[in-house]
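Here are the chains, one letter per residue:
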Amino acid sequence: MFKKVLIANRGEIALRVARACRELGINSVGVYSTADRDDLVLRHFDEVVHIGPPAGRRSYLNAAAIIEAASQTGADAVHPGYGFLSEDPDFAEVCVDNDLTFIGPRAEVMGALGDKSTARRLMLDQGLPLLPGSVEALRTYAEAKSEADAVGYPIIIKAVAGGGGKGMSVVHAPDDLETAYRAARATAAAVFGDGRVYLERYVAAARHVEVQILCDHYGNGIHLGTRDCSVQRRHQKLIEEGPAPALSQATLDDITSTAVRGALAIGFTGAGTFEFLVDENEKFYFMEVNARLQVEHTVSEMITGIDLVHEQLHVAAGVPLRLSQQDVEVRGHAIECRVNGEDPDRDFAPTAGLIERFIPPGGPFTRVDTHAFSGYRLGPHYDSLLAKVIVWAPDRIGALNRMERALGEFEVSGPGVRTTIPMLRRVLADFEFRKAEHSTAIVPRLLGN
Amino acid sequence: MTDQRLLVELRTHALGLADELSGALRRIVVRSGDTEIEVEWQQPTVRPDAIAAALPAAAPQVAAIAPVAAEPIADLIESVDENLAAIASPMVGTFYRAPSPDAEPYVSVGDLVRKDQPIGVVEAMKLFNPIVAECSGEVVEILVKDAQPVEFGQQLMMVRPTDTDGAR
């Protein structure tokens, strides 16, 4: 096992990983930018290194500073968290070149999965179902046009190098295709430095269902059940729950075994997520693989009782999987709500300011993962996630009621500070959501657009 | 956005004043429209000019300040030697005082340096990055040892700037 792990991230996930390290007797090294120079956060690490100014590209995305910090402190592994460098195959390679274990899949596997067209090709070859559309990147507008005509409208254009809901565009009619195609290419080039796009059929009323997987270096892989992440706005998740509700056991079994098969076929190692779109007939289609720990991994932890970061660290250290599929027993229901510092009245624009009062909920089966506290300054530099509230109950309705109770206790206030809590409570109270009859269309409907 | 930040800034200042200055408070008014802090104390002892002087330079203009007790206000300002300039590391790496192990150090305490003169190197990812003086002056203290790991922003040296900038 590792002796010292550098955590190349910030916020709640850096704390999450530091806590796992402490529980396993591993020393942790935290890194921070000038904007995150906060003793109440930094106390969670055994050592800390100031790596750069607030701008992410000069701090948390600065591979050289992170590698230097790791070698200065004598760390033997790097945990990338999510976001930032977590899915950067070049960074994974640089870690290895500097005798550091990168806690994640091998660089070449990550590279193949990060390129969505390669990932689609790989999964198609393994017999995973894909939505009708272009498997490879589109080369010309003419190709996009004929592909879209063949698939039928509406279609969605996605960036090959995309992720995090950015660079996606839904096209409802042939007349809008050319503008959307060119705009999507320009956006992809600007945001991801790679202008390639592909298109597939757009399913408006679908469910976003994903499978948590865990694989070791010896060809063993298991899943930790499913999560439904259909409550999204602008393709960014707000509420996640597990196991995915209102699906037959046969569908759940099929989707989980498909994911494990796909993961093992491509030599995936570590913790990852296979994302699927499920239509109203419970037919599912492969979307993409997230080759890292996810924000919502907590949901899987709550329904299985397995600490994913503990297992992730063991697997990365070369320990064979300590669990077999039979050991994984999904019990009850868990929900996670993302409390973001955002203003619902200004199209969920991130808000910044001093959080004067930050009183998270407590009580039975209620977990709050956060780096914030009363007096915390929410800055403009990073994403707006303030806290994750996760609850567990024996059944879904019990979990919804518990979450409603927990969010009611949660107070986040300060001048100019707004959060997603009111919006989350509207979803929880929604009739369709309570009956688990919702789809990815739920938030647009509640917002009236 | 700027208004918001200004308001937060003003608020912090008002609360800071309330904390630091003695005497029971009667009321605080913070306004961001035309920028205003109003602090009113119970017992009036007049020293408004002193308060205004004690506010940090970057603070917005104070429109109205109510009377305060004549307590030491110097506490409001952090006591740093304003005559010294720090040279900080621009990156994480290893600091070296000399270009090679057997070479003379770039500078020693007491040396006069010119603006942009190399004072050391920080090695990061096997690249040697020259660190230069940001102003002309006398090196009064070297805060890190040769071959010491340094963080971003870590102070390496203190320089007493000379009035005339030597670099032309």
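Here the structure is a predicted model, which is why all the values come from computation and not from measurement.

Conventions used here
Residues numbered from 1 in each chain as written. Chains lettered and ligands numbered in written order. Predicted model: local features only at pLDDT ≥ 70, side-chain atom pairs only at ≥ 80, totals over all residues. Helix = DSSP H or I, 4+ residues; strand = E, 2+ residues; numbered from the N terminus. Buried ≥ 20, exposed ≤ 12 C-beta atoms within 10 Å, placed from the backbone. Contact = placed C-beta atoms within 7 Å. Rg over C-alpha atoms; globule rule 2.2 N^0.38 Å. Nonpolar A, V, L, I, M, F, W, Y, C, P; charged D, E, K, R; others polar. Axes fitted to C-alpha atoms, helices over the stretch in contact; angles between N-to-C directions. Parallel < 35°, antiparallel > 145°, perpendicular 65-115°, else oblique. Left-handed = near helix turned anticlockwise from the far one by under 90°. Pairing = 2+ DSSP bridges. Core = buried A, V, L, I, M, F, W, Y, C linked by C-beta atoms within 7 Å. pLDDT = per-residue confidence, 0-100.

Enquirer: Give a detailed account of the overall build of chain B, specifying residues and quantitative values.
Expert: Scanning chain B for helices and strands turns up two helices and 10 strands. Taken from the N to the C terminus, the helices and strands of chain B come in the order α-β-β-α-β-β-β-β-β-β-β-β. For chain B, with 168 residues in total, the buried portion stands at 22%. At a minimum sequence separation of 6, the contacts of chain B that also span at least 24 residues come to 56%.

Enquirer: Which residues make up the overall build of chain A, and what values do they have?
Expert: Per the secondary structure count, chain A includes 15 helices and 22 strands. Taking 449 residues into account, the globule formula puts the C-alpha radius of gyration at 22 Å, and chain A, at 21 Å, falls close to it. Excluding contacts between residues fewer than 6 apart, the proportion of contacts in chain A whose partners are at least 24 apart in sequence is 64%.

Enquirer: Outline unusual backbone geometry, supporting the account with residue identities and numerical values.
Expert: All names here are of chain A. Cis geometry is adopted by the peptide bond preceding P154, which originates at Y153 and carries an omega value of -5°. Inspection of the secondary structure puts P154 in the loop between α7 (141-151) and β6 (155-159). Note that the residue after G242, namely P243, is joined by a cis bond; omega there is -10°. Tracing the backbone through its elements, the reader meets P243 in the loop between β11 (236-242) and α9 (249-265). In this structure, A246 is a non-glycine residue whose phi angle is positive, near 60°. In this structure, A246 sits in the loop between β11 and α9. The class for A246 is partly exposed, based on 14 C-beta atoms found within 10 Å.

Enquirer: Tell me about the interface of chain B and chain A, and please be specific about residues and values.
Expert: Contact with chain B, which involves 13 residues of that partner, is made by 15 residues of chain A. Class assignment for the residues of the side of chain B that touches chain A results in eight nonpolar, three polar and two charged.

Enquirer: Hey, could you go over the packing of α7(A) against helix α8 (residues 177-192) of chain A for me, with residue numbers and the actual values?
Expert: Each pair of packed helices can be described by the angle between their axes along with the distance between the axes. Residues and elements named next belong to chain A. The N-to-C vectors of α7 and α8 enclose an angle of 125°; their axes lie 10 Å apart at closest approach. With respect to α8, the axis of α7 lies oblique. Considering only the axes of α7 and α8, their crossing is right-handed. Here α7 contributes Y141, A144, K145 and A148 to the contact with α8, which in turn contributes L177, E178 and Y181.

Enquirer: So what about helix α10 (residues 297-304) of chain A? Which residues, and what values?
Expert: All names here are of chain A. Taken across its eight residues, α10 has eight buried, putting it largely inside the fold. Taken together, the buried positions of α10 are occupied by H297, T298, V299, S300, E301, M302, I303 and T304. Immediately beyond the C-terminal end of α10, within one or two residues, lies G305, with a positive phi of roughly 70°.

Enquirer: Go over the packing of helix α4 (residues 89-97) of chain A against helix α5 (residues 107-114) of chain A with me, naming the residues and quoting the values.
Expert: Residue and element names in this part refer to chain A. Look at α4 against α5: their axes get within 8 Å of each other, and the N-to-C directions meet at 175°. Here α4 is positioned roughly antiparallel relative to α5, judged by the angle of their axes. Packed against α4, whose contacting residues are P89, A92 and E93, the element α5 presents A107, M110, G111 and G114 at the interface. Of the residues that constitute the contact of α4 with α5, the class distribution is four nonpolar, two polar and one charged.

Enquirer: With reference to specific residues and values, describe the sheet that holds strand β12 (residues 270-278) of chain A.
Expert: Residues and elements named next belong to chain A. Judged by pairing direction, the sheet is antiparallel, and its eight strands sit side by side in the order β13-β12-β9-β10-β11-β14-β21-β19 without closing on themselves. Whereas interior strands pair on both sides, the edge strands pair on one side only; in this sheet they are β13 (284-290) and β19 (366-370). Strand-to-strand twist in this sheet, taken as the mean axis angle between neighbours without regard to direction, amounts to 25°. Lying on the sheet, α10 is in contact with β9 (207-215), β10 (221-233), β11, β14 (333-340), β19 and β21 (385-393); it crosses β10 at an angle near 130°. Running over the sheet, helix α11 (residues 308-316) touches β9 and β12 and is turned about 120° from β12.

Enquirer: Account for the nonpolar core, with residues named and values stated.
Expert: Residues and elements named next belong to chain A. If you look at the biggest cluster of nonpolar residues, it comprises 100 residues, and the most contacted ones within it are L6, A8, I51, I66, A69, V78 and F276. Ignoring sequence-local partners within four residues, the contact set of A8 consists of V31, Y60, I66, V78, H79, P80, G81, F84 and L85. Counting residues in hydrophobic clusters, the runner-up holds 37 residues, among them L238, I335, L386 and I442.

Enquirer: Outline the confidence of the model for chain B, supporting the account with residue identities and numerical values.
Expert: All names here are of chain B. Per-residue confidence for chain B gives a mean pLDDT of 71; residues scoring 70 or more make up 49%. The low-confidence segment residues 43-79, where pLDDT is below 50, has 48 contacts with residues more than four positions distant or belonging to other chains. Confidence metrics for the complex model read pTM 0.83 and ipTM 0.83.

Enquirer: So, the sheet that holds strand β7 (residues 169-171) of chain A: which residues are in play, and what are the values?
Expert: Residues and elements named next belong to chain A. Judged by pairing direction, the sheet is antiparallel, and its three strands sit side by side in the order β7-β6-β8 without closing on themselves. A strand with exactly one partner marks an edge of an open sheet, and here the two such strands are β7 and β8 (197-201). Each neighbouring strand pair of the sheet contributes to a mean axis angle of 25°, computed without reference to strand direction. Of the strand pairs in this sheet, β6 and β7 are connected by three bridges, and their pairing is antiparallel. Considered in β7, the bridge of I157 is made with S169. Along the sheet, α8 makes contact with β6, β7 and β8, crossing β6 at roughly 25°.

Enquirer: Please set out the pairing of β21(A) residue by residue, giving values where relevant.
Expert: All names here are of chain A. By the criterion of burial, β21 is predominantly enclosed, with eight of the nine residues buried. Summarising the sheet, β14 and β21 pair through eight bridges and their orientation is antiparallel. When the bridges of β21 are listed, C337 appears paired with V389. Note: β19 against β21, five bridges, orientation antiparallel. Bridging from a neighbouring strand, V368 pairs with V389 of β21.

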